[in-house]
Amino acid sequence: MLHRDVAPGIHRVEDAFTNFYLVEADDGGRALTVVDAGLPASWLAFRRALRALGRSLDDVEALVLTHAHFDHVGFAERLRWTRGVPVWVHERDVSLSRHPLHYEHEHSVLRQARYPKADLVLATMIAKGRQVTRGIREVRGFSQLDGPLDVPGAPLPVFTPGHTHGHVGLHFPDRATMIAGDALVTFNPYTGGHGPQIVSGAATADSRQALASLQGVADTAAGTLLTGHGPPWTAGVEAAVAQARAAGPS
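Residues numbered from 1 in each chain as written. Predicted model: local features only at pLDDT ≥ 70, side-chain atom pairs only at ≥ 80, totals over all residues. Heavy atoms only, no water.

*Asks:* Explain the sheet that holds strand β6 (residues 87–90) here, please?
*Replies:* Hydrogen bonds between backbone atoms are what pair the strands of a sheet, whose relative direction is either parallel or antiparallel. Taken together, the seven strands give an open sheet; going across it, the order is β1-β2-β3-β4-β5-β6-β7, and neighbouring strands pair in mixed fashion. Two strands close off the open sheet at either side, each with one partner strand: β1 (2–7) and β7 (140–142). Neighbour-to-neighbour, the strand axes of this sheet turn through a mean angle of 25 degrees, independent of strand direction. The sheet contact formed by strand β4 (residues 32–35) and strand β5 (residues 60–64) spans four bridges and is parallel. Bridge assignment links Thr-33 to a residue of β5, and that residue is Ala-62. Across the sheet, helix α1 (residues 43–52) lies against β1, β2 (10–15), β3 (18–24), β4 and β5, angled at about 35 degrees from β3, the strand it touches most. (Pairing = 2+ DSSP bridges. Helix = DSSP H or I, 4+ residues; strand = E, 2+ residues; numbered from the N terminus. Axes fitted to C-alpha atoms, helices over the stretch in contact; angles between N-to-C directions. Contact = heavy atoms within 4.5 Å.)

Printed below as a string of structure tokens:
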């Protein structure tokens, strides 16, 4: 489902309890950056969103990953291979991008079985191709020291490790917006919980580090927070970070 203009020039696509974003260039041109890539079958939602916006695959100039888990890598290799779109990922997640189903986590996903909503989320992700997510054969690695990325929208990477070792958020200062990926979310797919929080240890490499990394999110002072799972948060990132810290790990 397409949600237009959740922030200036940024459109949210929600599919299988997961968000990815279409970011317009600052100059008002047709060029787009895609942030994250959902599940493999999210390709259909992606194409529908482009058509609804009056855009085409020819307008997509870059795909930037906040991290390389399967539910964010989804159609990335298809876009790279068929259209020649470069895929950007933090250098510490390059290896994971090649094997997006093989990631570090603190405890078994079976621990989340006590949450009925988690079963629905997992079933939906499986139906959308979770098990056949393709790794990305070629990526452009970057570091948090490289400055704004040379892609439409020129986001500034904010290093937020913990969920994965190379997780980043993307700050758009001129739009007062932060795409946080899974550094914190407003819907936890492993518990069904709503409100700002870090993702459960069933999919997080280091919850303690994830909580510490929230300071980088807060430091942006962005008014709008866009996450990998759940609706936008428009009450300021500082308030979201405070709630996530209070919620703690799960």
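*Asks:* Any chance you could explain the pattern of salt bridges here in plain terms?
*Replies:* Opposite charge on two side chains permits them to pair, given that their charged atoms come into close proximity. If you walk through the whole model with that rule in mind, you get eight salt bridges. A salt bridge links Lys-128 to Asp-15, with the nearest nitrogen and oxygen atoms 3.2 Å apart. Of the two residues, Lys-128 is situated in the loop between α5 (116–127) and β7 and Asp-15 in strand β2; the sequence distance between them amounts to 113 residues. On the accessibility criterion, Lys-128 (24% relative accessible area) is partly exposed. A residue is classified by how much of its surface remains accessible, and Asp-15, at 9% relative accessible area, is buried. In this structure, the salt-bridge partner of Asp-59 is Arg-30, at a minimum N-O distance of 3.0 Å. Separated by 29 residues along the polypeptide, Asp-59 in the loop between α1 and β5 and Arg-30 in the loop between β3 and β4 bring together distant segments of the chain. Using a relative accessible area of 45% as the deciding quantity, one classes Arg-30 as partly exposed. Here the salt bridges do not stand alone but share partners, grouping Glu-77, Arg-80 and Glu-138 into one network. (Salt bridge = Lys/Arg side-chain N within 4 Å of Asp/Glu carboxyl O. Buried < 20%, exposed > 50% of the residue type's maximum accessible area, 1.4 Å probe, protein only.)

*Asks:* Got a minute to help me understand the pairing of β6 in this structure?
*Replies:* Successive side chains on a regular strand alternate, one facing one side of the sheet and the next facing the other. The two faces of β6 match: Val-87 and Val-89 on one face and Trp-88 and His-90 on the other face are all buried. With two bridges connecting them, β5 and β6 associate as parallel partners. Along β6, the bridge assignment pairs Leu-63 with Val-87. Both β6 and β7 contribute to a ladder of three bridges, which runs parallel. If you follow His-90 over to β7, its bridge partner there is Phe-142.

*Asks:* Sorry if this is basic, but what is going on with the packing of helix α6 (residues 207–219) against helix α7 (residues 237–247) here?
*Replies:* The interhelical angle for the contact between α6 and α7, taken along N-to-C directions, is 170 degrees, at an axis separation of 9 Å. Looking at the two axes, α6 sits roughly antiparallel to α7. Along the contact surface, α6 presents Leu-211, Leu-214, Gln-215, Val-217 and Ala-218, while α7 presents Val-237, Glu-238, Val-241, Ala-244 and Arg-245. Looking at the contact of α6 with α7, its residues break down into seven nonpolar, one polar and two charged. (Parallel < 35°, antiparallel > 145°, perpendicular 65-115°, else oblique. Nonpolar A, V, L, I, M, F, W, Y, C, P; charged D, E, K, R; others polar.)

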